[in-house]
Amino acid sequence: MTVLPADGLSLAAEFPHPAHEQWQSLVEGVLRKSGKDVAGSAAEEALSTTVEAGLITRPLYTSRDDAPDAGFPGFAPFTRGSKAEGNAANGWDVRQRHSLTDPARLNEAVLADLENGVTSLWLTVGGATGVPVSGLARALDGVYLDLAPVVLDAGSELDSAATELLRLYEERGVAPESARGTLGADPLGHAARSGSAPEPAAAVHWAERCAKEYPGLRALTVDALPYHEAGGSAAEELGSSLATGVAYLRALTGAGLSVEAACAQLEFRYAATADQFLSIAKLRAARRLWARVAEVCGAADAGAQRQHAVTSSVMMTRRDPWVNMLRTTLACLGAGVGGADSVTVLPFDHALGLPDAFARRIARNTSTILMEESHLARVIDPAGGSWYVERLTAELADSAWAFFQEIERAGGQAAALGSGLIGERLAATWAARSKDLARRKEPVTGVSEFPHLAERPVEREVTPAAGGASGGLPTVRRDEAFEALRARSDAHLASTGRRPRVFLAALGPASAHTARATFASNLFQAGGIEPVHDPATVDASTAAEAFATSGATVACLCSGDALYAEQAEAVASALRAAGAQRVFLAGRPAEYPGVDEYVFAGCDVVAVLSSVLDRMGVA
């Protein structure tokens, strides 16, 4: 029997310690086989991925990838968390969003949420999309306001909504020190959404009152969602939030509040996406950056940023909305690991209209599962110490700080919004991202990849349209270009009884054509064009009859390069003779007589599909 040494067994003891250069050498060998003759750091760069402008993910991170000291949880620079216990004590605050205009319906939804895991309420108040201020009391009937924090989103009706909430606190015997939540004053965020001029006076008034009378109630929200929802990058979202926070600090301290008291009146709201590592890094970087602002203002200990993370609406799709459950789960995971104090998971049907009870149930249970079954909240900053996460946090913070400085040089957030600086920057970022989406370099499952044309659409009650001023930042969605194509196909189906079709002319045996036939099928379905792959294979003698039977007006050749060389010209000629308006070939562009266009990985799918629908006469 072998006896282990007293100090245990090192599982790596018999393995040599590899050098970074050895790994690079192995990478070089693999790349050479794929036709790339690069060496050293260039080989490593060839495997790197651009996450967004200025952020590149490398294939390997080691201890050589240094980053600034992250410190300790609860202490400046707060990278590892605003509190020493992080979320480990009670988990994060599960905050559900509600946008119902009927007070009785809102009350029913609110009580159901609070009874089943939700710990705070985020209410849209006033306007066309929220509950009337006069109905707030009915909406909160039966809610223990000293236990359930309320966060308001009242826009231009801030004064009346805040007055009504404080009246309810007094009427229901809630002690001022027991009131929790946020009044939601955000003049710059409202200006970004509506295009109106910011009016900070009301926000300052409520901040002064909260600081004096309601120590647990915050007056202002620094909402970065308008910049994310306009297509901005993570760095632009962070830079805009910093500039907004600094503008509010100036206004509050100018009114007589100390820096510490002013910081205590702010809650920051950020988007969390299905890119969980970027979400983790964004929240960690946001705390580091705000800690730097507080330090420069002479109140380093007041720089613990209060964070509310909301799963991104930009990533939510209208087609195959069930996949949104997976997206929001990843986003919630990123928010929790990143150290958000409060997390809102948008229901999977958010993009379709008002969510139903089932969708709200899944949304709130997402947090519950991650905390109670996955134990995600039991560890403080679980990503801390990861070379990748620490480096990504540092790089994102640097990029965001540079954008913040650019805004400050332009005169601050209000001036940058008014001059168009922020709008133009976000538009440029979204335009670049839209190209990746159109080429499916950024795939959208169920929309641009693996669409399901036969699936019945999910229908929801339409969300009331927001009225009032226009001219603010736009709102974008990843699925919008493909959604427009699918909408054309739906209209065609409704008017003619069938979708536009493409005939897949597969050449040779299944082993030769399956890969490209599958690729072409997915590509055309992304535009709502139904592929017809019957019979399984054709040649020059059978293609014409098969095409005529298919009911299609365009065709796509699918096979391997060897068979293309032998049969493409003859089959394309037969298809044209049978009436094909356009003949595509699945593969890289080459010179095949009779072929009009090529579809391949990396092509502009949106442009191709839009052109095809135009030729088919699909309005």
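Residues numbered from 1 in each chain as written. Predicted model: local features only at pLDDT ≥ 70, side-chain atom pairs only at ≥ 80, totals over all residues. Heavy atoms only, no water.

On to the overall build of the protein chain. Of the regular secondary structure elements, the protein chain holds 21 helices and 15 strands. Overall size of the protein chain, expressed as C-alpha extent along the three principal axes, is 85 × 70 × 60 Å. Among the 619 residues that make up the protein chain, the fraction classed as buried is 51%. Contacts in the protein chain between residues far apart in sequence, at least 24 positions, make up 76% of those at least 6 positions apart. Approximately 27000 Å² of the protein chain is accessible, and the part contributed by carbon and sulfur atoms is 54%. (Helix = DSSP H or I, 4+ residues; strand = E, 2+ residues; numbered from the N terminus. Buried < 20%, exposed > 50% of the residue type's maximum accessible area, 1.4 Å probe, protein only. Contact = heavy atoms within 4.5 Å. Areas by Shrake-Rupley, 256 points an atom, 1.4 Å probe, with all protein chains shown as cover.)

Moving on to the pattern of salt bridges. If you walk through the whole model with that rule in mind, you get 39 salt bridges. Between Arg440 and Glu449 there is a salt bridge; the shortest N-O distance is 3.8 Å. For the salt bridge of Glu530 with Arg501, the shortest nitrogen-to-oxygen distance reads 3.7 Å. With Glu530 in strand β12 (residues 530-532) and Arg501 in strand β11 (residues 501-506), this pair connects stretches of sequence that are 29 residues apart. Taken together, the shared-partner salt bridges connect Arg58, Asp65, Asp66, Arg391 and Glu395 into one network. (Salt bridge = Lys/Arg side-chain N within 4 Å of Asp/Glu carboxyl O.)

In this section: the sheet that holds strand β13 (residues 554-558). Read from one edge to the other, the open sheet built from five strands follows the order β12-β11-β13-β14-β15, with strand pairing classed as parallel. The outermost strands of the open sheet, each flanked by one partner alone, are β12 and β15 (597-599). Geometrically, the sheet is characterised by an average inter-axis angle of 30 degrees between neighbouring strands, direction not taken into account. Direction of pairing for β11 relative to β12: parallel, over a ladder of three bridges. Considered in β12, the bridge of Arg501 is made with Glu530. Seen against the sheet, helix α18 (residues 510-525) touches β11, β12, β13, β14 (582-586) and β15 and runs at an angle of roughly 150 degrees to β13. (Pairing = 2+ DSSP bridges. Axes fitted to C-alpha atoms, helices over the stretch in contact; angles between N-to-C directions.)

Now for the packing of aromatic side chains. When we look at a pair of aromatic rings, we describe it by the centre distance and by the angle of the planes. With the rule as written, the count across this model stands at 10 aromatic pairs. Considering the side-chain rings of Phe268 and Tyr270, the 6.4 Å spacing of their centres and the 15 degrees angle between planes classify their relative orientation as stacked. Ring-pair connections join several aromatic residues into one group, and the members of that group are Tyr61, Phe277 and Tyr388. Sitting over the ring of Trp122, Arg97 keeps its end group 5.4 Å from the ring centre. (Phe/Tyr/Trp six-rings, centres within 6.5 Å; stacked < 30°, edge-to-face > 60°. Lys NZ or Arg CZ within 6 Å of the ring centre and 35° of its normal.)

It is worth spelling out the sheet that holds strand β5 (residues 150-153) at this point. Pairing within the closed barrel is parallel, and its eight strands lie in the order β3-β4-β5-β6-β7-β8-β9-β10. Across the sheet, the mean angle separating the axes of adjacent strands is 30 degrees when strand polarity is ignored. As paired elements, strand β6 (residues 181-185) and strand β7 (residues 217-223) share three bridges and run parallel to each other. Within the sheet, the bridge partner assigned to Gly181 lies in β7 and is Leu217. Contacts from helix α3 (residues 103-114) reach β3 (93-98) and β4 (120-124) within the one sheet, and its direction differs from that of β3 by about 165 degrees.

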